[in-house]
Amino acid sequence: MSADVILAVRGVSKSFRGLKAVRDVSFEVPRGSICSLIGPNGAGKSTFFNLVTGYFRPDSGTILFEGRDIAGASPVDVAHLGVARAFQIAKPFPGMSVTENVRIGALFGRAGPRDVEAVTQSAMQLAGLAELHDREARELTVGQLRRLEVARALAARPSLLLADEPCAGLNPTETAEMVAILRRARDAGATVVLVEHDMPAVMEISDTVLVLEAGALIAQGAPQAIARDPRVIAAYLGTEE
Ligand SMILES: Nc1ncnc2c1ncn2[C@@H]1O[C@H](COP(=O)(O)OP(=O)(O)OP(=O)(O)O)[C@@H](O)[C@H]1O
């Protein structure tokens, strides 16, 4: 595996009681890139995130993160190695401030004790939350909560950020902000993989798009090529019988 590949997935499969949720999937994510995982509902996108973050163990295959096989490692171990996940539904501590919530990400992450404050501040800055630093999480809008979730994940200083539908339910202004935040996260050193249904955002932000359908990887490539791919169009729109 080349040093420029941060995540290499090889022949990964996962079934739930006979239902093949992920089928023999292989791909590589170049370090420093932004990669989107798309596909119709039930395609296996969330299952894939759960496999990478250690919530599920694959039935077969390897998941090499920075050259180390993390298939079946615990979520805590995977996080300590440098993989962070920003969930679609943020569950912050509602009575705590934005700063306190982001600091928790830093405390459980890879920053040394002396760096916790600086890492907390820079994650808030990157996510555009500096002005909201003393707001209680319960007062935040959906868009602000989503940014708090990304900031909490980034405060762990991940080298790989997995973002779960970061643009879901956001208005166009908030979506543009989120795209800018994810680009800044990449520029600050994190490779970003997102699951996303917002196609304009996917087209704008992605270096590579991976398409899953019924658990199988049916296409991968640059966004423009993916948008023209007949298999992808058929997967989304269906074909006439
Ligand atoms: N814990 C589980 N137990 C049983 N079946 C599961 C489990 N998790 C996922 N599945 C099944 O695996 C398949 C893939 O689901 P998954 O949630 O990964 O799809 P998805 O692409 O993330 O869909 P969506 O876009 O709707 O979130 C589905 O048929 C789903 O019902």
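Going by what an unreviewed UniProt entry lists, the protein is known as ABC transporter ATP-binding protein and is assigned to Bosea rubneri.

Colleague: Looking at this model, I keep getting lost on the confidence of the model for the protein. Mind explaining?
Modeller: Segments scoring low in pLDDT should not have their predicted coordinates read at a detailed level. When the pLDDT values of the protein are averaged, the result is 94; 97% of them are 70 or greater. Here the predicted complex carries an ipTM of 0.95, next to a pTM of 0.94.

Colleague: How should I be thinking about the pairing of strand β3 (residues 34-38) in this particular structure?
Modeller: On a regular strand, each side chain points to the face opposite its neighbour's, so the side chains alternate between the two faces of the sheet. Within β3, 5 of the 5 residues are buried, leaving the element largely enclosed by the surrounding structure. Residues Ile-34, Ser-36 and Ile-38 point to one face of β3 and Cys-35 and Leu-37 to the other, with burial holding for every one of them. In the sheet, β3 pairs with strand β8 (residues 191-195) via 4 bridges, with the strands oriented parallel. Among the inter-strand pairings, Cys-35 is bridged to a residue of β8, identified as Val-193. The pairing of β3 with strand β9 (residues 208-213) spans 4 bridges and is classified as parallel. Note on β9: the bridge partner recorded for Leu-37 is Leu-210.

Colleague: Looking at this structure, how should I read the domain arrangement of the protein?
Modeller: When the parts come together, some accessible area is lost, and that loss is often what is quoted as the size of the interface. Taken domain by domain, the protein holds domain 1 (1-80 + 159-166 + 182-241) and domain 2 (83-157). Centre-to-centre, using C-alpha coordinates, domain 1 lies 24 Å away from domain 2. Counting from both sides, the interface comprises 17 residues of domain 1 and, opposite them, 12 residues of domain 2. Those elements giving two or more residues to the side of domain 1 that touches domain 2 turn out to be α1 (45-52), α2 (75-81), β7 (160-164) and α6 (172-187). Ranked by the residues each element gives to the side of domain 1 that touches domain 2, the list is headed by β7, at 5 residues. Considering only residue class, the side of domain 1 that touches domain 2 consists of 13 nonpolar, 1 polar and 3 charged.

Colleague: I keep staring at the site of the ligand and nothing clicks. Help me out?
Modeller: In the vicinity of the ligand, the residues found are Phe-16, Leu-19, Ala-21, Gly-39, Asn-41, Gly-42, Ala-43, Gly-44, Lys-45, Ser-46 and Thr-47. Counting residues per element, the ones that place at least two in the shell around the ligand are β2 (19-30) and α1. Counting residues per element, the shell around the ligand draws most heavily on α1, at 3 residues. Residue composition of the shell around the ligand, by class: 4 nonpolar, 6 polar and 1 charged.

Colleague: Help me understand the nonpolar core in this model?
Modeller: Within soluble globular proteins, side chains that are nonpolar generally end up buried alongside one another. Counting residues in hydrophobic clusters, the biggest one holds 73 residues, and the most contacted among them are Ala-151, Leu-154, Leu-161 and Leu-182. The residue makeup of this core includes at least three contributed by each of domain 1 (1-80 + 159-166 + 182-241) and domain 2 (83-157).

Colleague: Sorry if this is basic, but what is going on with the sheet that holds β2 here?
Modeller: Hydrogen bonds between backbone atoms are what pair the strands of a sheet, whose relative direction is either parallel or antiparallel. Spatially, β2-β1-β4-β5 is the arrangement adopted by the 4 strands of the open sheet, whose pairing is antiparallel. Looking along the sheet, the strands with just one partner apiece sit at the ends: β2 and β5 (68-69). Bridge analysis of strand β4 (residues 60-65) against β5 gives 2 bridges, and the strand direction is antiparallel. Across the sheet, Leu-64 pairs through a bridge with Asp-69, a residue of β5.

What counts as what
Residues numbered from 1 in each chain as written. Predicted model: local features only at pLDDT ≥ 70, side-chain atom pairs only at ≥ 80, totals over all residues. pLDDT = per-residue confidence, 0-100. Buried ≥ 20, exposed ≤ 12 C-beta atoms within 10 Å, placed from the backbone. Helix = DSSP H or I, 4+ residues; strand = E, 2+ residues; numbered from the N terminus. Pairing = 2+ DSSP bridges. Domains from an automatic or database assignment. Contact = placed C-beta atoms within 7 Å. Nonpolar A, V, L, I, M, F, W, Y, C, P; charged D, E, K, R; others polar. Near = placed C-beta within 6 Å. Core = buried A, V, L, I, M, F, W, Y, C linked by C-beta atoms within 7 Å.

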